[in-house]
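Here are the chains, one letter per residue:
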2 protein chains.
Amino acid sequence: MDHLLDDLETKEIDVTSISSSKRHRQKLPYKVGVAPKQNLFEEITSTVKETFFADDPLRHFKDQPKSRKLVLGIQAVFPILEWARDYNLTKFKGDLVAGLTIASLCIPQDIGYSKLANLAPQYGLYSSFVPPLVYAFMGSSRDIAIGPVAVVSLLLGTLLQNEIDAAKHPVEYTRLAFTATFFAGITQFTLGFFRLGFLIDFLSHAAIVGFMAGAAITIALQQLKGFLGIKNFTKKTDIVSVMRSVFSSAHHGWNWQTILIGASFLAFLLVAKYIGKKNKKLFWVPAIAPLISVVLSTFFVYITHAEKDGVAIVRHIDKGINPSSVHKIYFSGDYLLKGFRIGVVAGMIALTEAVAIGRTFASMKDYQIDGNKEMVALGTMNIVGSMTSCYVATGSFSRSAVNYMAGCHTAVSNIVMSCVVLLTLELITPLFKYTPNAILSSIIISAVIGLIDVESAVLLWKIDKFDFVACMGAFFGVVFDSVEIGLLIAVCISFAKILLQVTRPRIALLGKLPRTSVYRNIQQYPEATKVPGILIVRVDSAIYFSNSNYVRERILRWLADEEEQKKESYIQKIQYLIVDMSPVTDIDTSGIHALEELYRSLQKREVELALANPGQTVIDKLQASKFHNLIGEDKIFLTVQDAVLTLNPKSVVEEAC
Amino acid sequence: MDHLLDDLETKEIDVTSISSSKRHRQKLPYKVGVAPKQNLFEEITSTVKETFFADDPLRHFKDQPKSRKLVLGIQAVFPILEWARDYNLTKFKGDLVAGLTIASLCIPQDIGYSKLANLAPQYGLYSSFVPPLVYAFMGSSRDIAIGPVAVVSLLLGTLLQNEIDAAKHPVEYTRLAFTATFFAGITQFTLGFFRLGFLIDFLSHAAIVGFMAGAAITIALQQLKGFLGIKNFTKKTDIVSVMRSVFSSAHHGWNWQTILIGASFLAFLLVAKYIGKKNKKLFWVPAIAPLISVVLSTFFVYITHAEKDGVAIVRHIDKGINPSSVHKIYFSGDYLLKGFRIGVVAGMIALTEAVAIGRTFASMKDYQIDGNKEMVALGTMNIVGSMTSCYVATGSFSRSAVNYMAGCHTAVSNIVMSCVVLLTLELITPLFKYTPNAILSSIIISAVIGLIDVESAVLLWKIDKFDFVACMGAFFGVVFDSVEIGLLIAVCISFAKILLQVTRPRIALLGKLPRTSVYRNIQQYPEATKVPGILIVRVDSAIYFSNSNYVRERILRWLADEEEQKKESYIQKIQYLIVDMSPVTDIDTSGIHALEELYRSLQKREVELALANPGQTVIDKLQASKFHNLIGEDKIFLTVQDAVLTLNPKSVVEEAC
């Protein structure tokens, strides 16, 4: 059987060898293909489709009767109508357990995060009531847990504080918070509706890792106020100001009772977290630990009347469900613009988190979610929230992970959580009166420690140094200056990376791997040998205005370097320059202009130019610009090997001898 | 001889056939190459070198004694020291003629362009005196003609007018103009010094064509004031406002004498231009026509006392050379920031023109110029100019073309022009007293008509529709709104193009060209056939955070589409997915993450993943991230053919039968 296979293969290759030996003496059987030209409308349609509708969301709408299309349309906007039909008791059990678990986690966190945002505690609870309900109706992710999150609360708190002092003008501050939330929702909705979701991708993962870690450090530092019982605390967030506050008040003495409460429960929480990490089955331990801590510490303070000893407590949380806040949003005036700007930034950061969470869990459970649809859901959720006294809510990584491990099946877990929060708001809030602030600080510190992803940072260092620089830039920007500056640095470094790749593409010198017809980069393959008398370069990028000059100059410089070397060793002068256009996905007028100038410069040096393997778009444009007339149609080849065999057959023969 | 060649070639290919038939049964002789890893410092150094020092400017500094290096260094800053040594009488003759020709052209233009910038006429002449002298010492282009230009004058005039009304506060206006010029020079110097010149490349040629044409139309419309003798004219520049002004003053009657003078001389100038175009030898005709028109019309107005009939005249130009203006520059206060912003914009536009001119003529005469060094020279020129009562000067395309055709050899032509302007300032300015404004308007109109490059626009339409849209966007933005908006549109469209290319790279389906081992895009090569049981895709871009999600989803969608088709026709199910990584120049952590997710998704569908021809950087990163452990080292191949032969040899055999 083997020898039969041999024969067949030798036969196949003999066919190849015959045709290829004939090939370069006759016409090459394969010329560079020119696809039938699309008309302009088709071209625009396909570009728009690929850019905005890349995931073909209307796929299942095809070939359906009109009534069905209507139903599908409504289902697309309210996915709950789709999965609610397959709902059963098993799923409900899973969702109930998961919902209760994340509720126990979110209630103390909500009260703490409201403080981060400089808002009264009930607003955090409000934001865990209405937004998850809206999301359950419109969202597609089955595992995400909605509510206020640490980083967005910090961001909102910092940006709002820059405009209005929360202590002096609490009413205006709250109003501005609702305005910002409204515009955050508008931003998210608009991005999703116009399918501009890909803009979120422009914040690189590396930058986000750095930004989140920096935000986590900043949040932890902010908690030192509650943790140490300091009365006068800086309004700034950078590490230097915070440390100065901390150590200057050491002079007055920190409140040891507060520190005791805070430290002991922090230790408890960290141990619970560790247990949960080590044994996946005990995931519920770190989930209910915060609530237990709150209950215990409240009881303890109540018993010992520790608030008289200087332990700051929550004191009062408004009872009852969310009041309407439509009238509180600024729809005109100075604050409108400020709210808009803050809302856009907060909305986009919130989106980044939620979309990342949605994608992660969808990939783990192997279902698809439409990023743009998610954005519409999140946007609607925040718009409705802004009208019901909520501030920006989004998906929380830690709570979503708990949700997932507690066995959620659908977004009903969010509905369950909402109901528990409702109960809390109606009945339980008076019990929080004696809850010490220190415990909230401990809960927040233990929560954000999970945001510091050292493993990812190490991986970044190992794989891609530039990514690591982006990560560190964002991190230090947040820690040493402010959240906005860190974010700006993150975005700028992300863009700089793209621009760098675009401006300085690689131009590789190719050599032939002996005894094959394969040409590879001689830096990567030292065994590849240069072809005598021919210089082969490969341009590893589309040739646009942003790099056309560089491409031309670099190729000429390669030529000059090679000729200098050859002069010294009396090897055959270079007569041909082949440009391998395989990776050149596109070319514009500047690129064609650069090729024309290259052609002329080469002519002055008596070197002939040839192109190998231009893609479809490129060959179209070369023909439209008449460049291929300039260079000669016989100088455009299918492969580099064809070019070498045609231009300088002797070089190949010499190698064989 | 032929049959000998045949034998040799068959022998060579037999060697190939034997080794390739052995190849896939034994170990492939060529594995994917992994270049020796550069240490971090080398990596950074080479990236910085390629980005900022791409043209290797310090090349001739190598292996030189210290004294020589010092001399070379000074020569680099003042190139005049280099070419002045080879100066001789022949060159001087050419430069003298060229200098006189461009002087005759520039004097009337200077007076006109000052008006565009809303400055008194002498400032234009000042800007043709000092800046060209500075440039002659520091610049590298031999053909460029320095002085005020239409577009930059318009830009400056518009931007300054937005801040200060030139009619009401001429002193502050002039001071702000000097401030802007100072910062324009600082911007240009900084960009050149830090070798950030590649930033200029980001304004695409297409956008510049549109912007220049729009600016030309705007300038021509502005001239209607002088041309028609209108007294009340709009301060806005867009076409609607201007037309409204023109037709509302038609009611009052345009000044027929002005129109007569203007129209007749405009006709004369256009005829002269046409003559110069038709017969290259008569290039001097359109060059001296403006000066002749000025002389004739001044004489005519003097004789007929036409100014008493309402013909507006220049009236007065300050006599004498440039006064110092260091004390006039705003170094503090509100205007500092405004001057800075205007200066940066004007400086960069001026740079774009000058660098384009420098490159064009250098390429025509086949000498090299260092773009960054040019920027340093232009920056110094404008800084010195701002201190000697000049406003932003740069290279003028029309004057440089005249300079070139008049036979200039070096920048001495600029020195000659400066001297003539000096004489004019000292002696001739009183003679301009009776020059009608209409003639200046005619000169400007005839000058800017050359900026409207219809041919380029048509070429853009034919070659690259996106480029054409950019061109039109910039054009209409300038004409219908303002210069700043047109510029902003130009920059935004240029960036959008880069971002689009980065976000939605092409993923091509590959098929095998029968009887070869070449795999090509099946859309471009309809004869390429898909390999049964294997899906081969090629990613035509680096895989970064900006497109990694899209790449993954698109590949999965290709797979889903193929499987749907195969289901219907009962062909062999797809078992392997080969990703051709040839054009993937780089990959970052997001890209690797996307590959990992792709691998897992494929595993769930029982499809195996293989990679073909990953580049050097990519294979380094894959190894650092342990992805190649995940996928298996035996799944990374040198070429697509190797992958196909190894994974599914039968598919190749079937084809041969």
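Preceding this paragraph is the structure being described.
Residues numbered from 1 in each chain as written. Chains lettered and ligands numbered in written order. Predicted model: local features only at pLDDT ≥ 70, side-chain atom pairs only at ≥ 80, totals over all residues. Heavy atoms only, no water.

Engineer: Before we go on, may I ask you to explain the overall build of chain A in this structure?
Structural biologist: For chain A, the count of helices and strands is 28 helices and eight strands. On the principal axes, the C-alpha backbone points of chain A span a range of 100 × 70 × 65 Å. Taken over 657 residues, chain A has a buried fraction of 57%. Taking as baseline every contact in chain A between residues at least 6 positions apart, the subset at least 24 positions apart corresponds to 80%. Of the roughly 28100 Å² of accessible surface on chain A, a fraction of 64% belongs to carbon and sulfur atoms. (Helix = DSSP H or I, 4+ residues; strand = E, 2+ residues; numbered from the N terminus. Buried < 20%, exposed > 50% of the residue type's maximum accessible area, 1.4 Å probe, protein only. Contact = heavy atoms within 4.5 Å. Areas by Shrake-Rupley, 256 points an atom, 1.4 Å probe, with all protein chains shown as cover.)

Engineer: Teacher, can you tell me more about the packing of helix α9 (residues 170-193) of chain A against helix α15 (residues 334-365) of chain A here?
Structural biologist: Residues and elements named next belong to chain A. Between α9 and α15, whose axes approach to 6 Å, the crossing angle comes to 55°. As the angle between them shows, α9 and α15 are arranged oblique. The two elements α9 and α15 cross, and the hand of that crossing is right-handed. For the pair α9 and α15, the contacting residues are Leu 176, Thr 179, Ala 180, Phe 183, Ala 184, Thr 187, Gln 188 and Leu 191 in the first and Tyr 335, Leu 336, Gly 339, Phe 340, Ile 342, Gly 343, Val 344, Gly 347, Met 348, Ala 350 and Leu 351 in the second. Partitioned by chemical class, the residues of the contact of α9 with α15 number 13 nonpolar, six polar and no charged. (Axes fitted to C-alpha atoms, helices over the stretch in contact; angles between N-to-C directions. Parallel < 35°, antiparallel > 145°, perpendicular 65-115°, else oblique. Left-handed = near helix turned anticlockwise from the far one by under 90°. Nonpolar A, V, L, I, M, F, W, Y, C, P; charged D, E, K, R; others polar.)

Engineer: Where do I start with unusual backbone geometry in this structure?
Structural biologist: Backbone geometry follows two general trends: most residues other than glycine have a negative phi, and most peptide bonds adopt the trans configuration. Residue and element names in this part refer to chain A. One non-glycine residue, Glu 606, adopts positive backbone phi at about 60°. Along the chain, the position of Glu 606 falls in the loop between α24 (589-604) and β7 (608-612). For Glu 606, a relative accessible area of 63% translates into the label exposed.

Engineer: How do you make sense of the environment of Arg 359 of chain A when you look at a structure like this?
Structural biologist: Relative to the elements of secondary structure, Arg 359 of chain A occurs in helix α15. Among the residues examined, Arg 359 of chain A registers a relative accessible area of 28% and is labelled partly exposed. Spatially, the C-alpha atoms of Arg 359 of chain A and Phe 92 of chain A are 23 Å apart, while their sequence positions differ by 267 residues. Not counting chain neighbours up to four residues away, the residues in contact with Arg 359 of chain A comprise Asp 201 and Ile 369 of chain A together with Asn 549 of chain B.

Engineer: What is the right way to look at helix α16 (residues 371-386) of chain B in this model?
Structural biologist: All names here are of chain B. Taking 1.5 Å of rise per residue, 16 residues should cover 22 Å, and α16 covers 22 Å from first to last C-alpha, within 8% of that figure. Of all 16 residues making up α16, 13 are buried, and the element is well covered by its neighbours. Backbone nitrogen of Asn 372 and a side-chain oxygen of the N-cap are separated by 3.0 Å at the start of α16; the cap is Asp 370. (Expected span 1.5 Å × (residues − 1). Polar contact = N/O pair within 3.5 Å; in protein donor to acceptor, adjacent residues only side chain to side chain.)

Engineer: Looking at this structure, I do not really get the environment of Glu 606 of chain B. What am I missing?
Structural biologist: C-alpha of Glu 606 of chain B to C-alpha of Gln 575 of chain B: the two residues are 31 residues apart in sequence and 6.9 Å apart in space. If we ignore the near neighbours within four places in the chain, the residues touching Glu 606 of chain B are Lys 573 and Gln 575 of chain B.

Engineer: Which parts of the structure should I look at to understand the sheet that holds strand β7 (residues 608-612) of chain B?
Structural biologist: One key point about sheets: their strands pair by backbone hydrogen bonds, in either a parallel or an antiparallel sense. All names here are of chain B. The six strands lie next to each other as β4-β3-β5-β6-β7-β8, forming an open sheet whose pairing is mixed. Two strands bound the open sheet, and with one partner strand each, they are β4 (519-521) and β8 (636-637). In the packing of helix α27 (residues 640-647) onto the sheet, the strands contacted are β3 (507-512), β4, β5 (534-539), β6 (576-580), β7 and β8, and the crossing angle to β6 comes to about 165°. (Pairing = 2+ DSSP bridges.)

Engineer: Please explain the pattern of salt bridges as it appears in this structure.
Structural biologist: When the charged atoms of two side chains with opposite charge come close together, those side chains can pair. This model, assessed by the stated rule, comprises 24 salt bridges over all chains. The residue Asp 370 of chain A makes a salt bridge to Arg 195 of chain A at a minimum N-O spacing of 3.7 Å. Placement of the pair is Asp 370 of chain A in the loop between α15 and α16 (371-386) and Arg 195 of chain A in the loop between α9 and α10 (205-222), with a sequence separation of 175 residues. For Lys 621 of chain B, the salt bridge is made with Asp 464 of chain A, and the minimal N-O distance between the two is 2.8 Å. On the criterion of chain membership, the pair formed by Lys 621 of chain B in helix α25 (residues 616-624) and Asp 464 of chain A in the loop between α20 (454-463) and α21 (465-480) is interchain, its members lying in two chains. Lys 621 of chain B sits in the buried class, given a relative accessible area of 9%. (Salt bridge = Lys/Arg side-chain N within 4 Å of Asp/Glu carboxyl O.)

Engineer: I keep staring at the pairing of β7 of chain A and nothing clicks. Help me out?
Structural biologist: Successive side chains on a regular strand alternate, one facing one side of the sheet and the next facing the other. Residue and element names in this part refer to chain A. For β7, the buried fraction is high: four of the five residues fall into the buried class. In the sheet, strand β6 (residues 576-580) pairs with β7 via five bridges, with the strands oriented parallel. Bridge pairing links Tyr 576 to Glu 608 in β7. Of the crossover connections in this fold, the one passing from β6 over α24 to the parallel β7 is right-handed. Pairing analysis gives two bridges linking β7 to strand β8 (residues 636-637), with the strands arranged parallel. By the bridge assignment for β8, Ala 612 is matched with Phe 637. (Right-handed = clockwise from strand over helix to strand, strands pointing away.)

Engineer: Would you mind showing me how to read a positive patch on the surface here?
Structural biologist: Residues and elements named next belong to chain A. Taken together, the side chains of Lys 115, Lys 168, Lys 225 and Lys 235 present a region of like positive charge at the surface. Checked against the element boundaries, Lys 115 lands in helix α5 (residues 89-116). For Lys 115, a relative accessible area of 41% translates into the label partly exposed. (Patch = residues over 30% accessible without salt bridge, like charges linked within 9 Å, V, L, I, M, F, W, Y side chains within 5 Å. Lys, Arg positive; Asp, Glu negative; His and termini not counted. Charge placed at Lys NZ, Arg CZ, Asp CG, Glu CD.)

Engineer: How do you make sense of the packing of α9 of chain A against α16 of chain A when you look at a structure like this?
Structural biologist: The relative placement of two packed helices comes down to the angle between their axes together with the axis-to-axis distance. Residues and elements named next belong to chain A. At a minimum axis separation of 7 Å, α9 and α16 run at an interaxial angle of 160°. With respect to each other, α9 and α16 are oriented roughly antiparallel. Crossing geometry of α9 relative to α16 is assigned as left-handed. In this structure, α9 contributes Phe 178, Thr 181, Phe 182, Gly 185, Ile 186, Gln 188, Phe 189, Leu 191, Gly 192 and Phe 193 to the contact, and α16 contributes Asn 372, Met 375, Val 376, Leu 378, Gly 379, Thr 380, Asn 382, Ile 383 and Ser 386. For the contact of α9 with α16, the per-class residue count stands at 10 nonpolar, nine polar and no charged.

Engineer: So what exactly am I meant to see when it comes to a nonpolar patch on the surface here?
Structural biologist: Taken together, the side chains of Leu 70, Ile 74, Val 77, Phe 78, Leu 81 and Phe 137 of chain A present a nonpolar region at the surface, about 540 Å² in accessible area. In terms of residue count, the dominant contributor to the nonpolar patch is helix α3 (residues 66-77) of chain A (three residues).

Engineer: Even after reading the chapter, I still don't get the packing of aromatic side chains, so can you show me in this structure?
Structural biologist: For any pair of aromatic rings, the description rests on two quantities: the centre-to-centre distance and the angle between the ring planes. Across all of its chains, the model carries 28 aromatic pairs over all chains by this definition. Taking the centre distance of 5.4 Å and the plane angle of 85° together, the rings of Phe 182 of chain A and Phe 331 of chain A count as edge-to-face. Residue Phe 182 of chain A is located in helix α9, and its partner Phe 331 of chain A is located in the loop between α14 (284-304) and α15; the two are separated by 149 residues in the primary sequence. Taken together, the ring pairs connect Phe 182, Phe 183, Phe 331 and Phe 340 of chain A into an aromatic cluster. Here the guanidinium or amino end of Arg 142 of chain B rests over the ring plane of Tyr 367 of chain B, the centre of that ring lying 4.0 Å away. Note that Arg 175 of chain B overlies the ring of Tyr 330 of chain B, its terminal NZ or CZ placed 4.2 Å from the centroid. (Phe/Tyr/Trp six-rings, centres within 6.5 Å; stacked < 30°, edge-to-face > 60°. Lys NZ or Arg CZ within 6 Å of the ring centre and 35° of its normal.)

Engineer: Explanation requested: helix α14 (residues 284-304) of chain B in the structure shown.
Structural biologist: Count 3.6 residues to each turn of an α-helix, and residues three or four apart come out pointing the same way. Residue and element names in this part refer to chain B. Over its 21 residues, α14 extends 30 Å from the first C-alpha to the last, a length consistent with the 30 Å expected when each residue adds 1.5 Å. The largest bend in α14 comes to about 30°, at Pro 290. For α14, the set of buried residues is Val 285, Ala 287, Ala 289, Pro 290, Ser 293, Val 294, Ser 297, Thr 298 and Val 301. In the core, the buried residues of α14 are packed alongside α5 (89-116), α13 (256-278), α17 (397-405) and α19 (437-448). Looking one or two places after α14, you find His 305, whose phi comes out positive at around 50°. (Bend = angle between axes of the 7 residues up to and from the residue.)

Engineer: Sorry if this is basic, but what is going on with the sheet that holds β8 of chain A here?
Structural biologist: Residues and elements named next belong to chain A. Pairing is mixed across the open sheet formed by six strands, whose spatial order is β4-β3-β5-β6-β7-β8. Every interior strand has two partners, whereas the edge strands, β4 (519-521) and β8, have only one. Relative to strand β5 (residues 534-539), strand β3 (residues 507-512) is paired through three bridges, and the arrangement is antiparallel. Bridging from a neighbouring strand, Ala 508 pairs with Arg 538 of β5. Taken strand by strand, helix α27 (residues 640-647) contacts β3, β4, β5, β6, β7 and β8, and its axis lies near 165° from that of β6.

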